[in-house]
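Chain and residue survey
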Amino acid sequence: MAHILKSNSLKVAIDLPLENYKGSRFDWSGKISSIRFKDLPLTTIEDAGSKDVNFLGKGLYNEFGITNPVGYNETPKGGWFHKIGVGLLKKEHKQYLFHRKHVIRPAHFDITYEDRKIIIICKSELVNGYSYILKKEISISENSFTINYFLHNTGEKKIITDEYVHNFMAINNALIGEDYTLKFPFPINSSLFDETVNSENKVEIGLGNVTFNKTPEKQFFFSNLTGGKELQAEWILTNLKANVGIKEFGSFKTDKINLWGWKHVISPELFFKISVDPKETVEWSRKFDVFKINS
C-alpha cells in the first residue's frame, strides 16, 4: 500500500520500491504516484489508454541515465549493468533504449518513516567496478514537498550519469489546452532546440513560456530548451480554470530541459548532471510548491 505524506493542503502518495511499478526505466526508490492539492489531482499517468500500468510512468517518477546507464558500454552482451534506483539489468542489445523491458535483479532497499518524511535507501551490488548507495528523502510542509537526493559512490570507478524527474502533470485532470501556461525563468530560443516534435502546431513557444492554442491529439516533444546554456532549474505550470499552479525548483543549475506531452499530460524535465568519484557523495534537491493563482 502506498505511503501517504499529508499536510492540511497537500497529499503525496509514494509507492514503496517493490509495489506497483516494476519497470526497468524509472527509479524504484520513492515513486511519487500521485499528488493532490485541496483534493484536486495534479498528476496523471503516461498513457491513459494503456492497461499495462505497472510498466508505465505516472505522478513524479525520476530516472537515472536515460540514454546511457552507468557501465553500459563496457558491459558485454549477456552481462549485467547498473540502472540506479532499480538494480542490475541484463544487457541484450548493443544500444540502450530506455523504453525496452529488461530482465531485472532488484537492488536492496531500506525504508524509514518519520513525521512528514519518508527515507528510502537503495544499495547496489559491486559490478564492473561500479557500486553506490542512493538515499532519497521526501518530506512535506503545508503547501510544498521536497525530494533530497544523496548518491554515494561505493565503487572503484567514477560514476558519470544524469537524473531527471518525469513530471506527469495534469491539473484537475484537465486536458492540455488554452487554460495551461508553462513558464521558465529564462528566454527561450526555439532555434537552439536539439529536437522539435510539434506536428499539429498546437504548442506555441513564447519568449519565456509555452502555451497551447488547442488540445494536442498527438504527442509533442522539445529537447534542450536551454539551448545548451547552464541556467536555473525551474518551471511553473498554471491552469487558469482550476486557479492552481505548481512550481519545481532545483538546487542546481541545468544545461538540459526537455518537454514532453500529449492531450492529457504535460511533462517538463529538469536534468541534473552527475559526476562523483569513488568514496565521494553528491547531493541535490528538488522542491515543489503548489499555490492558488489569485490569492
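The paragraphs below set out a description of the structure included in this document.

On to the sheet that holds strand 11 (residues 132-140), then. Here ten strands make up an open sheet; going across it, the order is 9-10-11-12-24-20-19-14-17-16 and the pairing antiparallel. Edge strands, defined here as strands with exactly one partner in the open sheet, are strand 9 (108-114) and strand 16 (203-205). If you compare each strand with its neighbour and ignore which way they point, the axes differ by 15 degrees on average. Here seven bridges tie strand 10 (residues 117-123) to strand 11, and the two strands are oriented antiparallel to one another. Along strand 11, the bridge assignment pairs Ile120 with Lys136.

Quick look at unusual backbone geometry now. The bulk of non-glycine residues show a negative phi, and the bulk of peptide bonds are trans. For Asp39, which is not glycine, the phi torsion reads 70 degrees and is therefore positive. Along the chain, Asp39 turns up in the loop between strand 3 (31-37) and strand 4 (40-41). The class of Asp39 is exposed, set by a relative accessible area of 61%. The phi dihedral of Asn201 falls on the positive side, at around 55 degrees, and the residue is not glycine.

Here the focus is the sheet that holds strand 6 (residues 80-83). Read across the sheet, three strands follow the order 6-7-8 without closing on themselves; strand pairing throughout is antiparallel. The open sheet has two edge strands, strand 6 and strand 8 (104-106), and neither has a second partner. For this sheet the average axis-to-axis angle between neighbouring strands, irrespective of direction, equals 30 degrees. The pairing of strand 6 with strand 7 (residues 87-90) spans four bridges and is classified as antiparallel. Of the residues in strand 7, the one forming a bridge with Lys83 is Gly87.

Let's shift gears to the packing of aromatic side chains. Summed over all chains, the structure comprises 19 aromatic pairs. Taken together, a centroid distance of 6.3 Å and an interplanar angle of 85 degrees make the contact between Phe26 and Phe168 edge-to-face. With Phe26 in the loop between strand 2 (10-15) and strand 3 and Phe168 in the loop between strand 13 (159-167) and strand 14 (180-183), this pair connects stretches of sequence that are 142 residues apart. Aromatic side chains Phe145 and Phe288 sit 5.0 Å apart centroid to centroid with 10 degrees between the ring planes, which places their arrangement in the stacked category. You can see Phe145 sitting in strand 12 (residues 144-153) and its partner Phe288 sitting in strand 24 (residues 281-292), a full 143 residues away along the chain. Taken individually, Phe145 and Phe288 each receive the classification buried, so the pair is uniform in this respect. Put simply, the rings of Tyr21, Phe26, Tyr61, Phe168 and Trp260 pair up and form one aromatic cluster.

This brings us to the side chain of Asp15. Following the sequence through the fold, Asp15 ends up in strand 2. Of the buried charged residues, Asp15 lacks a salt bridge, with Lys58 as the closest side chain of opposite charge at 4.1 Å. Non-local contacts of Asp15, meaning those with residues more than four positions away in its chain, are made with Ala2, Asn20, Lys31, Ser33, Lys58 and Tyr61.

A few words now on the environment of Asp179. Summarising the element assignment, Asp179 is placed in the loop between strand 13 and strand 14. Residue Asp179 is classed as partly exposed on the basis of its relative accessible area, which comes to 33%. Along the sequence, Asp179 and Ala233 sit 54 residues apart, while their C-alpha atoms lie 24 Å from each other. Not counting chain neighbours up to four residues away, the residues in contact with Asp179 comprise Thr238, Asn239, Leu240 and Lys241.

So, how was this worked out
- Residues numbered from 1 in each chain as written.
- Predicted model: local features only at pLDDT ≥ 70, side-chain atom pairs only at ≥ 80, totals over all residues.
- Heavy atoms only, no water.
- Pairing = 2+ DSSP bridges.
- Helix = DSSP H or I, 4+ residues; strand = E, 2+ residues; numbered from the N terminus.
- Axes fitted to C-alpha atoms, helices over the stretch in contact; angles between N-to-C directions.
- Buried < 20%, exposed > 50% of the residue type's maximum accessible area, 1.4 Å probe, protein only.
- Phe/Tyr/Trp six-rings, centres within 6.5 Å; stacked < 30°, edge-to-face > 60°.
- Lys, Arg positive; Asp, Glu negative; His and termini not counted.
- Salt bridge = Lys/Arg side-chain N within 4 Å of Asp/Glu carboxyl O.
- Contact = heavy atoms within 4.5 Å.

The quantities given are spatial measurements derived from coordinates; they are silent on function.
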